[in-house]
Amino acid sequence: MDTIYESFEEFVDSSDERSNGASSTDCTSSSARVSADSPTSILRRSVRAWSVRSVFTCFSGRFIELSTCRCDATGLPTTVHVEIKERSFGLHKFPLTSRSGLFKRLLSDQTYVKLGDDFPGGSEVFELIASFCYGSTIHIDVSNVAVLRCCAELLEMTEEYRKGNLCGRTEDYLTQVVFKSWVDTLSVLQQCAKLVPAREAFQIISRGIDSLAAAACKGIRQERVSVTSENDRCSMVKDILELPVTFFDRLVNGLRKQGLDEKPVSQLILEYIKRWVLGTKEGTDVKDGDVHLFEATVRLLPLERFLVPIKVLLSLHGCALAWNASKDCRLQLEARIVSQLELATVDDFLMSLRTSKNSRAHMDSMRQIVSEFMSQQEILLDAVVKVWDEYLAEIASDPEVGPRTFVELTEAVPSNIRPNHDLLYRAIHAYFQSHPSLSHADRVTVCQGLNCQKLSREICMHAVQNELMPLRMIVQAMFVQQLESRGA
């Protein structure tokens, strides 16, 4: 275990300089004296200076800290030890308790404190904070303000204990510097991602996201920011599309709270989906993080109809099946698909099928979607019926589709809703061609929803001559053909 010790010889050269007074934290630029020294050497000199001062009797009324223990290496007095991970710091009680509420409580009746291994930034950051407690200047910038703010909050280094304490200094830097700059805010958010689950990190993230949302909202409203055109995208949109999904989720919610119109918000979500979900290379192994990202983006999709193209919704539907997304995620997608299913084409259906990599699961899900659409709609049914029967003809060749399954798929659209049965006949004929070994009973079962009276003349003539059709259907087609001939 490393221990911070003090060397009396090194102290002699610097004690005069340090005894003149302590410096404060610089929030804008680092001190030349401090930047030339390492944090460890700064802390060591501060501890040595305090150790030497504490052994002399002072009659001027200034604070005198009596030693309770001495450093093994030098014999100079220290009063407390703070251990964090693999390091032990020999320090003094007063510098710590005069700035930290936590140390004030913990050191009231003991001289040893062990900080948890989850202390933000570990021993390196604590070294900086200890130096600050001794009055040394520490440099605050975008690379360390987040971790210093988290530690300051954890150690309760507020104005209650000392004016110009670390909480206030880091807060000033965040407010006056970071959150006024898009680039600095992004940088601090990246630092915060490493500090989660520290409570204060969540607060910084929330404020940083609000800052980004306000800037993005202003840019979009003033038409300075293009979302959909890749060539015209500014760095702001590119930065947004590179955000981790947890930050992107909160940013979208922030844009909505700002009152931004749902159309540009939806466009931003779609671009993010294209970048991280639909842009995934085929054959790439899907990880748990990918599924989490997928489900998070689906939750962001707007509820309003037509803001997300049906083609995109069906692509996401296929991904949900392929990636084994949660039931809630699949139901959200299915509900959005049902709301605008009349806009879909058979190519959209087939693209979703190919993406799903699970034909049986896809067929079951699409059957539920079509059935739900039929139960909700009284108009616009013909377009969906047409696409559904075309879809049946395409999946008829699937060897996993048994007779009973095929019948269930055809029954997703009630027989009386179909204006004609030509496309249904074509799907059944394709099924018989792909499954030549079907028994006569199975063929009868498959044809039970087919009404020859709703066949066109051309298709009816084909049915009469179709040896794949069961005899009963051939007879019915012949009877319908005779009736039409007499009527003519």
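Refer to the structure above for everything that follows.
Below you will find a few notes about this structure. Every value quoted in this text rests on a predicted model; they were computed, and no experiment measured them.

## Digging into the overall build of the protein chain
In terms of helices and strands, the protein chain carries 24 helices and six strands. Counting only residues that meet the buried cut, the protein chain has 49% of its 488 residues in that class. For the protein chain, restricting intrachain contacts to residue pairs at least 6 apart in sequence, the fraction spanning at least 24 positions comes to 71%. Counting only carbon and sulfur atoms, one obtains 50% of the accessible surface of the protein chain, whose full area is about 24100 Å².

## Structural notes on the side chain of threonine 410
By the secondary structure assignment, threonine 410 is in helix α20 (residues 403–410). A relative accessible area of 8% means that threonine 410 is categorised as buried. With near-sequence residues (within four places) excluded, threonine 410 lies in contact with Leu392, Arg418 and Leu424.

## Description of the nonpolar core
Generally speaking, a soluble globular protein has its nonpolar side chains buried in company with each other. Formed by 142 residues in total, the largest nonpolar core has its most connected members in Leu91, Phe126, Ile129, Phe294, Trp388 and Tyr391. Two domains share this core, each providing at least three of its residues, namely domain 1 (71–173) and domain 2 (181–260). Ignoring anything within four residues of it in the chain, the contact list for phenylalanine 126 reads Val82, Ile84, Phe89, Leu91, Phe103, Leu115 and Phe119.

## Remarks on the pattern of salt bridges
As enumerated under the stated definition, the model contains 14 salt bridges in all. We note a salt bridge from glutamate 271 to lysine 274, for which the minimum N-O separation is 3.7 Å. In this pair, glutamate 271 and lysine 274 both sit in helix α13 (residues 262–276), three residues apart, roughly one turn of the helix. The salt bridge partner of glutamate 342 is arginine 305, with a shortest N-O separation of 2.7 Å. Within this pair, whereas glutamate 342 is found in the loop between α16 (327–338) and α17 (346–356), its partner arginine 305 is found in the loop between α14 (288–300) and α15 (310–322), the two being separated by 37 residues in sequence. For glutamate 342, a relative accessible area of 13% corresponds to the buried category. Overlapping salt bridges bring together Arg149, Glu153, Glu171, Glu200 and Arg207 as one network.

## Observations regarding α16
Look at α16: 16 Å from first C-alpha to last across 12 residues, which is about the 16 Å you get at 1.5 Å a residue. Along α16, the positions that sit buried rather than exposed are Cys329, Gln332, Leu333, Glu334, Arg336, Ile337 and Val338. On its buried face, α16 sits against α14, α15 and α18 (359–376).

## A short note on the pairing of strand β4 (residues 80–84)
Burial analysis of β4 places four of its five residues in the buried class, the great majority of the element. Linking β4 to strand β5 (residues 87–91), which pair antiparallel, is a turn of two residues; within it lysine 85 sits at a positive phi near 55°. With four bridges joining them, β4 and strand β6 (residues 112–115) adopt parallel strand pairing. What sits directly across from histidine 81, in β6, is tyrosine 112.

## Observations regarding the packing of helix α7 (residues 145–154) against helix α10 (residues 199–221)
α10 packs onto α7 with a crossing angle of 130° between their chain directions and a minimal axis gap of 8 Å. When the axis of α7 is compared with that of α10, the two are oblique. In this structure, the crossing between α7 and α10 has a hand that is right-handed. Only Arg199, Glu200, Ala201 and Ile204 of α10 make contact with α7, whose side of the interface consists of Ala146, Arg149, Cys150 and Glu153. Its residues placed into classes, the contact of α7 with α10 shows four nonpolar, no polar and four charged.

## Remarks on the packing of aromatic side chains
By the definition in use, this model includes 11 aromatic pairs. Between the aromatic rings of phenylalanine 406 and tyrosine 431, the centroid separation amounts to 4.5 Å while the plane-to-plane angle is 20°, which identifies the pairing as stacked. Linking phenylalanine 406 in helix α20 with tyrosine 431 in helix α21 (residues 422–434), this pair joins segments that are 25 residues apart in sequence. Each member of the pair, phenylalanine 406 together with tyrosine 431, is buried. Assessed through its relative accessible area of 0%, tyrosine 431 is described here as buried. Three or more aromatic residues joined by ring pairs make a cluster, and in this case those are Phe89, Phe103, Phe119 and Phe126.

## Quick word on the environment of valine 196
Note on placement: valine 196 falls in the loop between α9 (182–195) and α10. Placed 76 residues apart in sequence, valine 196 and proline 120 show a C-alpha to C-alpha distance of 9.2 Å. In this structure, valine 196 is in contact with Ala201, Phe202 and Ile205, ignoring residues within four places of it in sequence.

## Considerations on α14
For α14, built from 13 residues, the straight-helix expectation of 18 Å at 1.5 Å per residue is met to within 8% by its first-to-last C-alpha distance of 19 Å. Buried within α14 we find Val291, Leu293, Phe294, Glu295, Ala296, Thr297, Val298 and Leu300. For α14, the elements touching its buried residues are α12 (245–257), α13, α15 and α16.

## Some remarks on the pairing of β5
A large share of β5 lies buried, amounting to five of its five residues. Burial along β5 is two-sided: Arg87, Phe89 and Leu91 and Ser88 and Gly90, pointing in opposite directions, are all buried. By the bridge criterion, five bridges tie β4 to β5 in an arrangement that is antiparallel. Paired with glutamate 83 across the strands is serine 88, a residue of β5.

## A closer look at the environment of phenylalanine 179
Residue placement: phenylalanine 179 occurs in the loop between α8 (166–176) and α9. A sequence separation of 33 residues divides phenylalanine 179 from leucine 212, and the C-alpha atoms of the two residues are 8.2 Å apart. Residue contacts for phenylalanine 179: discarding those within four places in its chain leaves Leu174, Thr185, Ile204, Arg207, Gly208 and Ser211.

About the criteria used
- Residues numbered from 1 in each chain as written.
- Predicted model: local features only at pLDDT ≥ 70, side-chain atom pairs only at ≥ 80, totals over all residues.
- Heavy atoms only, no water.
- Helix = DSSP H or I, 4+ residues; strand = E, 2+ residues; numbered from the N terminus.
- Buried < 20%, exposed > 50% of the residue type's maximum accessible area, 1.4 Å probe, protein only.
- Contact = heavy atoms within 4.5 Å.
- Areas by Shrake-Rupley, 256 points an atom, 1.4 Å probe, with all protein chains shown as cover.
- Core = buried A, V, L, I, M, F, W, Y, C linked by side-chain atoms within 4.5 Å.
- Domains from an automatic or database assignment.
- Salt bridge = Lys/Arg side-chain N within 4 Å of Asp/Glu carboxyl O.
- Expected span 1.5 Å × (residues − 1).
- Pairing = 2+ DSSP bridges.
- Axes fitted to C-alpha atoms, helices over the stretch in contact; angles between N-to-C directions.
- Parallel < 35°, antiparallel > 145°, perpendicular 65-115°, else oblique.
- Left-handed = near helix turned anticlockwise from the far one by under 90°.
- Nonpolar A, V, L, I, M, F, W, Y, C, P; charged D, E, K, R; others polar.
- Phe/Tyr/Trp six-rings, centres within 6.5 Å; stacked < 30°, edge-to-face > 60°.

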